[in-house]
There are 2 protein chains.
Amino acid sequence: MDTPTERQDLSYSHEELMEWPRDELSNLNPVRLAATSSLAVAQFLERLEIDERRELLRQLSTERAADILAEMDEEDAADVLEEMRPHRAARILDDFEPDDAADVVAELEPENREQLLAHMEQDSRESVEELLSYDPDSAGGLMTTEVDTALDRMTVEEATSRIREFANKHEDLHYVYVVNEQRQLRGIVSLRKLIQSGPQQLISTIMRSDIQGVCTPEMDKEEVSLLMAEHNLPDIAVVDAQNTLLGVITHDDVLDVIRDEATEDIQKLAGAGGDEDIHDDILFSIRQRQPWLAVNLGTAFIAAMVVKIFEADIGALPILAAIMPIIAGVGGNSGQQSLAITIRSIALGLVKEGDAKGILFRQAVIGLINGLLIGLLAAVMVAFFGGPLKLSIIVLSAMIINLAMGCITGTLIPLVLLKLKQDPAQVSSILLTFVTDTGGFFIFLTLGSIFLL
Amino acid sequence: MDTPTERQDLSYSHEELMEWPRDELSNLNPVRLAATSSLAVAQFLERLEIDERRELLRQLSTERAADILAEMDEEDAADVLEEMRPHRAARILDDFEPDDAADVVAELEPENREQLLAHMEQDSRESVEELLSYDPDSAGGLMTTEVDTALDRMTVEEATSRIREFANKHEDLHYVYVVNEQRQLRGIVSLRKLIQSGPQQLISTIMRSDIQGVCTPEMDKEEVSLLMAEHNLPDIAVVDAQNTLLGVITHDDVLDVIRDEATEDIQKLAGAGGDEDIHDDILFSIRQRQPWLAVNLGTAFIAAMVVKIFEADIGALPILAAIMPIIAGVGGNSGQQSLAITIRSIALGLVKEGDAKGILFRQAVIGLINGLLIGLLAAVMVAFFGGPLKLSIIVLSAMIINLAMGCITGTLIPLVLLKLKQDPAQVSSILLTFVTDTGGFFIFLTLGSIFLL
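Residues numbered from 1 in each chain as written. Chains lettered and ligands numbered in written order. Predicted model: local features only at pLDDT ≥ 70, side-chain atom pairs only at ≥ 80, totals over all residues. Heavy atoms only, no water.

Going by the annotation in an unreviewed UniProt entry, the name recorded for chain A is Magnesium transporter MgtE, with Oceanipulchritudo coccoides given as the source organism. Turning to chain A, the UniProt annotation filed under Subunit (unreviewed entry) states: "Homodimer." Taken from UniProt, the Function (unreviewed entry) comment for chain A reads in full: "Acts as a magnesium transporter." (UniProt positions renumbered as here; feature names shortened; annotations may be inferred.)

So, in structure tokens, the structure goes:
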């Protein structure tokens, strides 16, 4: 190991891999391939054809292939395994952490699943089968079962020699989990604390027994991530109702949960699927986006029908048509602001039981005041461009109503969906646009037709 | 420690704290307060008045007060410290991790900063002053300097007894960082590996020297988070150009970076500030949102002026006014989809040098095909509501052009801003709406005025 620069030079860069001739995959330098991160190779692999994937993987050890496949999307990893001989695929799965293996096995076709499980080592198979019984979006679906444990009655020396026995069979966790004879969780000891304690000290005297962050296997993975972030935990225990230790969730799993959750929220708010990424197949992307565009078209048609009611008025005074999208657009933007803040505050665990009324009131006030200020600005601009005073007053009034309506809707929808335990991101944005468009057109055109004609 | 349920009962719930009479803060049960997580107390504290905060903190030990203040926003924590006697405030800061202390000290008024630093212990003060020299958004601003190190020539036994000496002075990290006599980083050893190795083994033989994830102090904090996620690292070393170990960044800091980044992206895409949250002061929220609403008003006025050019045509055929927002709205939605996917893929590190052309081409194709499909649907709907065939054809054509334009703009803007090293989230959304609104109106009204009148 030398300076960081020299170190990085050894691994293949993303560009090098992407430009590598596809018919010379067997000529990749094995030393440099070994120095390249598993994630980088996994991302490269995801862009290859099935045959090419197989050719690349053939050059790698079972262990390395397992590391790389573990970094791929579960669906993609399952596709690759299904193309391999069952024996080799099972060896690779044996090298997976059981939680990752379970995620991939869940994506296999049922007939392949049985065959692969049958080829796996008994230990791994049993862990995977147990984990498969949990919802993949729950703590149970996220946890690993390969956990270093110590008994509370052990000494530090006994606990240490037990960790040595587990050797490489268990994950490299931050804590040793302390249980009693019935495997009930009694406390945690960090490895550092273990090193700092005398060999004859009792585990029960050095462990932290006031563990504040513990999950049940049914807990939603987003709740788990909030709990770990709240208590700054590098890993967290999963226990059943009898407090029996079932497994542990690690920091890297929770990092993925938080990143995936943010991706979903951002993309769903824009009416795109939570699963899509920039390198996806064009047909996949189109299929993901079509339904939301169609819904958007439907709501836009309803707004158009509202405008059509005022057809005669617009014919008489076409300036109304020019100004109405301003009211709708700024109202929509104001609502999007409230929506984004509300959704994000929910995701960060900042919205608690009983907060709703206060939140809604504040957002309504924000909408009214911003409506007043932006409405005044718009009224001045209308006057500046030669509009009559009456039109300015109508613009101001419509702006206040539509911005307040936008902020209230943008806050209310996610709060209601949260209460109903529904994902707030996907439909909120579309409903909001519907309200501020249809509502904005209706308010403005009604006022215009009454006072200007 | 008993079952999870009984354990949780001890701590104060969020509702209990929020409903606690503000003039009886001194009556909170100290045992239950101690069982409540620092983050929960910090969130409660953020909603109290200054006097009330002081009263609550007075009941807590210096150590506990430090834990709680470390969980607050840096600005809020600085406000609280400025209200305390400098001696007590300095004791609390001494108990902070140096990286957190530096973040808070950076938020103090300059005169208070000097006074507080002068009261701090020399060790802590020097660490804080060193960390203050780094940009808070860089790896240097994120790292802690309290790191367990071992020399490469040491035995496991020597390294272990050194860790015992550091005792509680250093952070509880996952790795021991192995350096040479010049403090140059040579490798890492996990504590588990240390426990599993024989006391006479040399550190240099058990350490991992092929460390793939290492940061420089200038590295942007978002790059750091990608690096740690890529290599699944619980903590990561920061080294200078000579490979000298400067500090370490821990998993909880990087979790905060990822969460903050997602919050910023989501809220900025909606034209709200990245800093705002749902419990902020109304005036703060209004000030944050006003500028973007004003910009939005400005672009909406430009779109309105485009419509005004066609005033006579709309007067003659007011149905155009009803349909034009459909073209603009669906085009905008389609662009938002591409924008969200592009921004998110950038944040996850999926967009690499040289990818831009391929990405842009694919998004353009997606826009064209979705324009064709949604355009056909819209054309059928127009015909169904009794529109002439010509109108249907115009709707179809305008839809194809505007959806393609939306997808291209939604992809191009963030890619260009990325190239210019600008934050892509804040202005992208506004520019996109401007293009799809103004463009959508112009295309549709031009086609309508030519072929229908």
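Resuming the write-up.
This part is about the packing of helix 6 (residues 62–71) of chain A against helix 8 (residues 86–95) of chain A. All names here are of chain A. The N-to-C vectors of helix 6 and helix 8 enclose an angle of 70°; their axes lie 8 Å apart at closest approach. Overall, the two elements helix 6 and helix 8 adopt an arrangement that is roughly perpendicular. Contacts between helix 6 and helix 8 involve Thr62, Glu63, Ala65, Ala66 and Leu69 from the former and Arg88, Arg91, Ile92 and Asp95 from the latter. (Axes fitted to C-alpha atoms, helices over the stretch in contact; angles between N-to-C directions. Helix = DSSP H or I, 4+ residues; strand = E, 2+ residues; numbered from the N terminus. Parallel < 35°, antiparallel > 145°, perpendicular 65-115°, else oblique. Contact = heavy atoms within 4.5 Å.)

With that settled, consider the side chain of asparagine 180 of chain B. All names here are of chain B. Here asparagine 180 lies in the loop between strand 2 (175–179) and strand 3 (185–190). Here the side chain of asparagine 180 touches glutamine 182 through a polar contact of 3.0 Å, landing on its backbone nitrogen. Engagement of the side chain of asparagine 180 in a polar contact is seen with the backbone nitrogen of glutamine 184, the distance being 2.9 Å. The residues touching asparagine 180, leaving out its near neighbours within four places in the chain, are Leu151, Asp152 and Arg186. (Polar contact = N/O pair within 3.5 Å; in protein donor to acceptor, adjacent residues only side chain to side chain.)

Okay, the relation of the copies chain A and chain B next. Of the two same-sequence chains, chain A is brought onto chain B (RMSD 0.1 Å, axial shift 0.0 Å) by a rotation of 180°. Taken together, the rotation and translation relating the two chain copies correspond to the operation of a two-fold axis. Relative to the rotation axis, the closest C-alpha in chain A is found at glycine 315 of chain A, a distance of 2.1 Å. Here 99% of the interface residues in chain A have copies in chain B that are interface residues too; the copies meet face to matching face. (Least-squares fit on C-alpha atoms with pLDDT ≥ 70 in both.)

Looking now at the sheet that holds strand 3 of chain B. All names here are of chain B. As summarised here, the arrangement of the 3 strands in space is 1-2-3, forming an open sheet in which the pairing is mixed. Two strands lie at the open edges of the sheet, namely strand 1 (149–151) and strand 3, each paired on one side alone. Across this sheet, the average inter-strand angle for adjacent strands is 30°, counted without regard to direction. Strand direction decides the pairing type here: strand 2 and strand 3, joined by 5 bridges, are antiparallel. (Pairing = 2+ DSSP bridges.)

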